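Listed below, chain by chain, are the residues.
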Amino acid sequence: MPDPLPVALHEVRLTPRASGFARRGQPWFYADDVLAGAPSPPRLVRVRDEDGRDLGLGITGPSKLALRLCGPWPGDGVPDRATFFAARLGAAIDARAGSLGPEDGVRLVHGEGDLLPGLVVDRYGPLLVLQVTSAWVETALDAIVPCLVDRLGADSVVARNDVPARRREGLPEEVRLLHGRRLDQVAFREHGVVHDVRPFTGHKTGFYLDQRPARALVRSLAKGRSVLDLFCYQGGFALNALAGGASAAVAVDQSEAALAAARAGAERNGLAGLTTVAGDIFDHLRALRERDVRFDLIVLDPPAFAKSRREVEGAERGYRDLNRQALRLLAPNGFLVTCTCSHHVDGPRFEELLRQAAAGLPFRVALRQRLGAGPDHPVLLPHPEGEYLKVVLLQRLDP
């Protein structure tokens, strides 16, 4: 291979092989994919192939993930941070224009899906919650936050940066107020149900916005049914089931604080019939089976069992066991809404685990529907890693 052509300070060139992947839309590249141009220090760069042809913009970083592409850009240079984020954030906000009411909750920025790798922004009414996993994006918060505030008029902006992924970029894990007044609790409305969000103490950015389609499904199935909501957090599925006419809902979680929030949510929305149980989910499932308790609709939404490839084998055992126990608790013709948010367990593999869980049961099980995150969580086709959430609706079939 001939010596690479000299590169400018804000330019990175990829190997021929990596350039081919970049043209097909692959957004992630590692140090050995870089032909010329140092990945560090973190900066916004123009990305080119081995012959200097343009491949758009990218963000470099200090981790093994040396370069993340962030789409085409007009001209031949690199924009300043304010110009770059004004354009990208503006496009993301415009794409969610129908979900920007004063009481709405919506994911405004979904990383690679919005050509802003390393950045997530969730909106809960007057509150914005950011999560940053890129060293360069971290240095650009002084451009990002004013842009968001000017466009949306947010009362408060919180950085929910207590995620282990930040360690790979040399960033601290922290939660801090970036703008405005501290809001320890705000409310937003979804499918007619009001949910409280605690941005400084809740899970993720305060709520699981990605499960909006699955909560709508549960609501549509719930009328007249008894419901079991496992790993319920603050009862989003249980509350939607009761709002949809469920006869009763049992919400189970290890967190007493989350269950208190579920009870408060039921009271706030005028929903009767909620029972909460604190404890280990596996133990509770076994106890229900021993008592021969059955449910018409079960929701199984565990945390990610496989956060790395090393954990996949154990995660698969967990998914098989949990789903088999849940299927055994279904009443005749009952439904199971089962989920995985482990991106290391893809859709086909998850469905194979469900087939294994159903094998040998004294009834047939049908796959009725597949769901994922809502449209505010876009996934680029060449980036399957972005499709982390898989939701499957199963039904027990009885003659």
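Everything numeric in this text was worked out from a predicted model, so none of it was measured.

Participant: Please explain helix H4 (residues 141-152) as it appears in this structure.
Facilitator: Counting along an α-helix, one turn takes 3.6 residues, and residues three or four places apart therefore face a common direction. Look at H4: 16 Å from first C-alpha to last across 12 residues, which is about the 16 Å you get at 1.5 Å a residue. Considered for burial, the residues of H4 that qualify are Leu141, Ala143, Ile144, Val145, Leu148, Val149 and Leu152. Phi turns positive one or two residues past the end of H4, at Gly153, with a value near 65°.

Participant: I keep staring at the packing of helix H8 (residues 281-290) against helix H9 (residues 312-328) and nothing clicks. Help me out?
Facilitator: Each pair of packed helices can be described by the angle between their axes along with the distance between the axes. Orientation of H8 relative to H9, taken along the N-to-C sense of each, is 30°, at an axis distance of 10 Å. With respect to their mutual orientation, H8 and H9 come out roughly parallel. Of the two possible hands of crossing, H8 and H9 adopt the one that is left-handed. In this structure, H8 contributes Ile281, Phe282, Leu285, Arg286 and Arg289 to the contact, and H9 contributes Gly318, Asp321, Leu322, Gln325 and Arg328. In the contact of H8 with H9, the residues fall into four nonpolar, two polar and four charged.

Participant: Please explain the sheet that holds strand S14 (residues 226-230) as it appears in this structure.
Facilitator: Paired through their backbone hydrogen bonds, the strands of a sheet run either parallel or antiparallel. With mixed pairing, seven strands are arranged side by side in an open sheet as S16-S15-S14-S17-S18-S20-S19. A strand with exactly one partner marks an edge of an open sheet, and here the two such strands are strand S16 (274-278) and strand S19 (364-371). Ignoring strand direction, the axes of neighbouring strands in this sheet form an average angle of 15°. Note: strand S18 (residues 330-340) against strand S20 (residues 390-397), six bridges, orientation antiparallel. Bridge pairing in S20 places Thr340 opposite Lys390.

Participant: Explain the side chain of Asp210 to me, please; I cannot follow it from the model alone.
Facilitator: Position of Asp210 relative to the elements: it lies in the loop between strand S13 (193-197) and helix H5 (212-221). Although Asp210 is buried, it forms no salt bridge, and the closest oppositely charged side chain is Arg215 at an N-O distance of 5.8 Å. Separated by 2.6 Å, the side chains of Asp210 and Tyr388 make a polar contact. Not counting chain neighbours up to four residues away, the residues in contact with Asp210 comprise Gly372, Ala373, Gly374, His377, Tyr388 and Leu389.

Participant: Would you take a moment to explain the environment of Gly270 for this structure?
Facilitator: Tracing the sequence through the fold places Gly270 in the loop between helix H7 (256-268) and S16. Given the relative accessible area of 65%, Gly270 is considered exposed. In the structure, Gly270 is positioned 178 residues away from Ala92 in sequence and 35 Å away in space, judged by C-alpha atoms.

Participant: I would appreciate a short explanation of unusual backbone geometry in the present structure.
Facilitator: Glycine aside, residues mostly have negative phi, and peptide bonds are mostly found in the trans state. You will see that Leu115, though not glycine, has its phi angle at about 60°, which is positive. Checked against the element boundaries, Leu115 lands in the loop between strand S7 (105-110) and strand S8 (119-124). What makes Leu115 partly exposed here is its relative accessible area of 27%. Positive phi is not limited to glycine here, since Lys204 has a value of about 50°.

Participant: Would you mind going over the side chain of Asp301 with me for this structure?
Facilitator: Inspection of the secondary structure assignment puts Asp301 in the loop between strand S17 (295-300) and H9. Although buried, Asp301 forms no salt bridge, and the nearest oppositely charged side chain, Arg215, lies 6.5 Å from it. A polar contact is formed between the side chain of Asp301 and the side chain of Gln211, at a distance of 3.3 Å.

Each value, and the rule that gives it
- Residues numbered from 1 in each chain as written.
- Predicted model: local features only at pLDDT ≥ 70, side-chain atom pairs only at ≥ 80, totals over all residues.
- Heavy atoms only, no water.
- Helix = DSSP H or I, 4+ residues; strand = E, 2+ residues; numbered from the N terminus.
- Expected span 1.5 Å × (residues − 1).
- Buried < 20%, exposed > 50% of the residue type's maximum accessible area, 1.4 Å probe, protein only.
- Axes fitted to C-alpha atoms, helices over the stretch in contact; angles between N-to-C directions.
- Parallel < 35°, antiparallel > 145°, perpendicular 65-115°, else oblique.
- Left-handed = near helix turned anticlockwise from the far one by under 90°.
- Contact = heavy atoms within 4.5 Å.
- Nonpolar A, V, L, I, M, F, W, Y, C, P; charged D, E, K, R; others polar.
- Pairing = 2+ DSSP bridges.
- Lys, Arg positive; Asp, Glu negative; His and termini not counted.
- Salt bridge = Lys/Arg side-chain N within 4 Å of Asp/Glu carboxyl O.
- Polar contact = N/O pair within 3.5 Å; in protein donor to acceptor, adjacent residues only side chain to side chain.

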